[in-house]
Amino acid sequence: MSNLKGLGVALVTPFNEDLSVDFDSLTKLVEFNINNGTNYLVVLGTTAEAATLSNEEKKAVTQHIIKVNNKRLPLVLGIGGNDTMEVKRQIEETDLSDFDAVLSVSPYYNRPNQEGLYQHYKMLAGTGKQIIIYNVPSRTGQNLEASTTLRLAKDFPNLFLIKEAGPNINQYFDILRQKPEHFNLVSGDDEYTLPVTLAGGNGVISVIGQAYPKEFSTMVQLAFDGKIKEAYEIHNKLVEITRMIFAEGNPAGIKTILAEMGIVKNFVRLPLVIASEGLQNKIKAEMATI
């Protein structure tokens, strides 16, 4: 699965003022990323506000991205939840012929212990599909510890990659240091992309990257090439705006940027709200420096 390397972007779902899905803006967003260096697209991740989309909307968004992409970039589909058997059923029943892998977030709200997390992913591995583990304890309430990730990696070859967004960078490094050869890691924290890639990671599944794909993909490639100084110049240019977009929740910040760029309209669905006027002004001022 080496084609899932470099810059992957977790696409937002654009909305119209009436909060219906804005398919024209979704087309713009996909084309913008394809034409500016993004390596693969992640569909219906948490950044897509997938929790607020109906099943019909999810199918429509998925089919629209497949059509617009037209096999130009690899695609990853988000299928996750806190009912293991339901997630397994969805993976088995979904047509994944256009997708390279499924990105499946660890169970949220239930807060299973490490054995429960292991058994959850063991069940998903039993589908035989290519599965990306997604650890994001700030959203799920439970950290998938490095020892559990490594156990899964060794036991199930089709759990081939983790999007790691754990609570500290040491966890990234522990996985990278001890992982089996077939298993890879991408950063799930935009700000950690460069050090994690330099340490042996496969790049990032990014939020900010969909607004600055040219810069972010170049930074990751420079890291692969060992051009550290040049890579850090890009990192340092983007670090402040990267922090800003998460200040009031995701994807409120990234939609502010994309709206300012004229790619999407600045609407989110409840319980999320758009970024405050103060944060929007800070983001726009920072954009002017990039």
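Residues numbered from 1 in each chain as written. Predicted model: local features only at pLDDT ≥ 70, side-chain atom pairs only at ≥ 80, totals over all residues. Heavy atoms only, no water.

Caption draft 1: Geometry of the packing of helix H10 (residues 228-245) against helix H12 (residues 277-287). With their axes 10 Å apart at the nearest point, H10 and H12 run at an angle of 165 degrees to one another. Taken together, the axes of H10 and H12 are roughly antiparallel relative to one another. In this structure, H10 meets H12 at a crossing whose hand is left-handed. Contacts from Lys 237, Glu 240, Ile 241 and Met 244 of H10 reach H12 at Leu 279, Lys 282, Ile 283, Glu 286 and Met 287. Residues belonging to the contact of H10 with H12 are distributed by class as follows: five nonpolar, no polar and four charged. (Axes fitted to C-alpha atoms, helices over the stretch in contact; angles between N-to-C directions. Helix = DSSP H or I, 4+ residues; strand = E, 2+ residues; numbered from the N terminus. Parallel < 35°, antiparallel > 145°, perpendicular 65-115°, else oblique. Left-handed = near helix turned anticlockwise from the far one by under 90°. Contact = heavy atoms within 4.5 Å. Nonpolar A, V, L, I, M, F, W, Y, C, P; charged D, E, K, R; others polar.)

Caption draft 2: Quick look at the pairing of strand E5 (residues 131-135). By the criterion of burial, E5 is predominantly enclosed, with five of the five residues buried. Every second residue of E5 is oriented toward a common face, with Ile 131, Ile 133 and Asn 135 on one face and Ile 132 and Tyr 134 on the other, all of them buried. Between the parallel pair strand E4 (residues 101-105) and E5, the chain is carried across by helix H4 (residues 114-125), and the sense of this crossover is right-handed. Here five bridges tie E5 to strand E6 (residues 159-164), and the two strands are oriented parallel to one another. Bridge pairing in E6 links Asn 135 to Glu 164. (Buried < 20%, exposed > 50% of the residue type's maximum accessible area, 1.4 Å probe, protein only. Right-handed = clockwise from strand over helix to strand, strands pointing away. Pairing = 2+ DSSP bridges.)

Caption draft 3: Expanded view of the UniProt feature "site: L-lysine inhibitor binding" (unreviewed entry) in the protein chain. When the UniProt feature table is mapped to this numbering, "site: L-lysine inhibitor binding" (unreviewed entry) covers Ala 51, Asn 82, Glu 86 and Tyr 108. Secondary-structure assignment places Glu 86 in helix H3 (residues 84-93). Overall, the relative accessible area of 28% leaves Glu 86 in the partly exposed class. Looking at the element boundaries, Tyr 108 is found in the loop between E4 and H4. Non-local contacts of Tyr 108, meaning those with residues more than four positions away in its chain, are made with Gly 81, Asn 82, Arg 139 and Thr 140. (UniProt positions renumbered as here; feature names shortened; annotations may be inferred.)

Caption draft 4: Examining the UniProt feature "active site" (unreviewed entry) in the protein chain more closely. With numbering matched to this structure, UniProt assigns "active site" (unreviewed entry) to Tyr 134 and Lys 163. In three dimensions, the annotated residues from a span of 30 residues occupy one location, with a maximal C-alpha spread of 4.7 Å. Of note, Tyr 134 is situated in strand E5. We classify Tyr 134 as buried; its relative accessible area is 6%. The residues touching Tyr 134, leaving out its near neighbours within four places in the chain, are Thr 46, Leu 103, Ser 104, Val 105, Ser 106, Tyr 121, Lys 163 and Ala 165.

Caption draft 5: How the structure looks around unusual backbone geometry. Looking along the chain, the bond that leaves Asn 250 and enters Pro 251 is cis, with omega of 15 degrees. Among the secondary structure elements, Pro 251 is positioned in the loop between H10 and helix H11 (252-260). Cis geometry marks the peptide bond from Leu 270 to Pro 271; its omega dihedral reads 15 degrees. In this structure, Leu 19 takes a positive phi of about 70 degrees despite not being glycine.

Caption draft 6: Helix H7 (residues 169-178), seen in detail. Gln 171, Tyr 172, Ile 175 and Leu 176 are the residues of H7 that are buried. Down the axis of H7, the sector holding all buried residues measures 130 degrees, keeping them to one side. Those residues of H7 that are buried are in contact with E5, helix H6 (146-155), E6, strand E7 (184-187) and helix H8 (193-198). Between the side-chain oxygen of the N-cap and the backbone nitrogen of Asn 170 there are 3.1 Å, and the N-cap of H7 in question is Asn 168. (Arc of directions from axis to C-beta. Polar contact = N/O pair within 3.5 Å; in protein donor to acceptor, adjacent residues only side chain to side chain.)

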